[in-house]
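Now for the letters of each chain:
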Amino acid sequence: MGRAWLFAVTLAMLLLGASRTASAQTYKVGAMAEAVSGLEGGTALPGPFRRSRTTLRIGADLAVDEFPDHAIAVAALVEVEPRAGVGFDARYVYRLGTRFSVGAGGIAMLAPSTLIGGSGDFTVRFPIGKVTALTLTPAVNAFFLGGDLPEDTVIWQVVLRVGVRFNL
Amino acid sequence: MFRTFVVGLGLSAVGLYLACSAPGECLRHSDCDKGLVCDNGACIVQTSPEAGATDAAVAVDTGIAVTPDASRADTGADAGAAADAGADAEVDAGADAGEEVPSGP
């Protein structure tokens with residue numbers, strides 16, 4: 001009986017503590033807009049590489065103040081040139097100090113046809129105000145699934161993302 | 001020194017990027033126009049068994065127009081002028097018949 005009472009009290013204290021921690025959490029949200037282009041190649045391409053599609057990337061990232069160095073970022077992708085397409089990416093971002101961060105995640109194009117792959121990047125921030133920073137992000141993408149992919153083909157991309165980020 | 005290296009690296013990257021022409025070949029199906037697919041870096045007409053059967057059927061239908069060749073072979077052995085006349089007549093007749101078929105029933 002005494003053991004059950006002790007267990008109940010401990011559980012109640014843990015729940016209260018957890019809820020108090022949850023209520024104290026604040027979210028750190030950022031928004032970004034970037035232009036993306038670079039080089040791409042694949043096993044089906046006769047030459048070594050070519051210029052990749054110019055893409056606009058608009059997204060947001062979310063971190064909790066308890067773990068400010070860890071964030072989840074999602075973004076919409078709009079291919080604008082020379083062919084149009086839309087998609088999105090989702091990634092885990094780890095901040096290395098105030099100016100650098102690395103990220104890894106998935107990337108998918110949804111229209112006009114599907115293309116799915118993985119992505120990794122390294123971001124450098126150049127603060128230009130209290131909430132605004134210019135960003136420069138070299139990134140590597142690899143697409144290995146989807147209806148837009150010719151048979152037995154893997155597409156790789158080495159791109160540079162240039163844009164602006166706001167702390168909201 | 002480091003800044004010079006970074007600037008040089010950046011300029012090299014920009015030069016490499018600009019040296020790449022706009023995409024001419026295909027890497028994805030969506031690089032190709034509608035009705036074409038990407039195959040080994042080139043856009044080709046999408047072929048399927050159904051499309052092949054349709055093409056074959058069309059070829060058989062148009063093969064009826066080959067009839068003048070057969071008559072030409074027959075009449076060509078007799079006289080060239082007669083063969084031309086016969087062929088013309090048959091082509092005309094065929095054309096007439098072809099026009100009548102769709103509007104008949």
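Residues numbered from 1 in each chain as written. Chains lettered and ligands numbered in written order. Predicted model: local features only at pLDDT ≥ 70, side-chain atom pairs only at ≥ 80, totals over all residues.

Tell me what's going on with the overall build of chain B, and back it up with residues and numbers.
Looking only at helices and strands, chain B features 4 helices and 2 strands. Reading the secondary structure of chain B in the N-to-C direction produces α-β-β-α-α-α. Of all 105 residues assigned to chain B, the portion counted as buried reaches 7%. (Helix = DSSP H or I, 4+ residues; strand = E, 2+ residues; numbered from the N terminus. Buried ≥ 20, exposed ≤ 12 C-beta atoms within 10 Å, placed from the backbone.)

Just give me the short version of the overall build of chain A, but keep the residues and values in it.
When its secondary structure is counted, chain A shows 1 helix and 9 strands. In chain A, the succession of helices and strands from N to C terminus is α-β-β-β-β-β-β-β-β-β. Counting every position in chain A, which comprises 168 residues, the buried fraction comes to 27%. By sequence separation, contacts in chain A at least 24 residues apart represent 48% of the contacts at least 6 residues apart. (Contact = placed C-beta atoms within 7 Å.)

Give a description of the interface of chain B and chain A that names residues and reports values.
Counting residues at the interface gives 14 residues for chain B and 19 residues for chain A. Grouping the constituent residues of the side of chain B that touches chain A by class yields 6 nonpolar, 4 polar and 4 charged. (Nonpolar A, V, L, I, M, F, W, Y, C, P; charged D, E, K, R; others polar.)

Account for the nonpolar core, with residues named and values stated.
A:Ala44, A:Leu45, A:Met109, A:Leu115, A:Phe143, A:Leu149, A:Ile155, B:Cys26, B:Leu27 and B:Cys38 form the largest nonpolar core, which has 10 residues in total. If near-sequence neighbours (up to four positions away) are discounted, B:Cys38 is found in contact with A:Ala44, A:Pro150, B:Cys26, B:Leu27, B:Arg28, B:His29, B:Asp31, B:Cys32 and B:Cys43. If you look at the next biggest cluster of nonpolar residues, it comprises 5 residues, including A:Ala71, A:Ala73, A:Leu77 and A:Val93. (Core = buried A, V, L, I, M, F, W, Y, C linked by C-beta atoms within 7 Å.)

With reference to specific residues and values, describe unusual backbone geometry.
Cis geometry is adopted by the peptide bond preceding A:Pro82, which originates at A:Glu81 and carries an omega value of 0°. Topologically, A:Pro82 is positioned in the loop between β4 (67–81) and β5 (85–96). If you check the backbone angles, A:Asp152 has positive phi at about 55° while not being a glycine. By the secondary structure assignment, A:Asp152 is in the loop between β8 (132–145) and β9 (155–167). Even without glycine at this site, B:Asn40 takes up a positive phi of about 55°. In this fold, B:Asn40 is placed in the loop between β1 (36–39) and β2 (42–45). C-beta crowding within 10 Å serves as the criterion here: with 15 such atoms nearby, B:Asn40 is assigned to the partly exposed category.

Please give an account of the environment of A:Gly147 that cites residues and values.
Following the sequence through the fold, A:Gly147 ends up in the loop between β8 and β9. Residues within four places of A:Gly147 in sequence aside, it is in contact with A:Ser113 and A:Thr114.

So what's going on with the pairing of β4(A)? Residues and values would help.
Regular strands place their side chains on alternate faces of the sheet. All names here are of chain A. With 11 bridges connecting them, strand β3 (residues 54–64) and β4 associate as antiparallel partners. Residue pairing across strands places Thr54 opposite Glu81, the latter belonging to β4. One ladder, built from 10 bridges, connects β4 with β5; its direction is antiparallel. Directly across from Ala76, in β5, lies its bridge partner Phe88. Connecting β4 to the antiparallel partner β5 that follows it, the hairpin turn spans 3 residues. (Pairing = 2+ DSSP bridges.)

Any details on the confidence of the model for chain B? Residues and values, ideally.
All names here are of chain B. Averaged over all residues, the pLDDT of chain B equals 54, while 22% of them reach at least 70. Within chain B, β1 carries the highest mean pLDDT (88), whereas helix α2 (residues 49–62) carries the lowest (39). Across residues 51–105, confidence stays below pLDDT 50; counting only partners more than four residues off in sequence or on other chains, it has 16 contacts. Scoring of the predicted complex yields 0.65 for pTM and 0.74 for ipTM. (pLDDT = per-residue confidence, 0-100.)

Could you give an account of the environment of B:Gly41, naming the residues involved and the relevant values?
The topology assignment puts B:Gly41 in the loop between β1 and β2. Sequence-wise, B:Gly41 and B:Cys26 are 15 residues apart; in three dimensions their C-alpha atoms are separated by 4.9 Å.

Hey, could you go over the pairing of strand β6 (residues 100–111) of chain A for me, with residue numbers and the actual values?
All names here are of chain A. Examined bridge by bridge, β5 and β6 share 11 bridges and lie antiparallel to one another. Bridging from a neighbouring strand, Arg91 pairs with Gly105 of β6. Between β5 and β6, which pair antiparallel one after the other, the connecting turn spans 3 residues, and Gly97 there sits at a positive phi close to 80°. Examined bridge by bridge, β6 and strand β7 (residues 115–127) share 10 bridges and lie antiparallel to one another. Following the sheet pairing, Val102 is matched in β7 by Phe122. Counted between consecutive antiparallel strands, the loop separating β6 from β7 contains 3 residues.

Lay out the environment of A:Thr132 with the relevant residues and their values.
Relative to the assigned elements, A:Thr132 resides in strand β8. Note on A:Thr132: 12 C-beta atoms within 10 Å, which makes it exposed.

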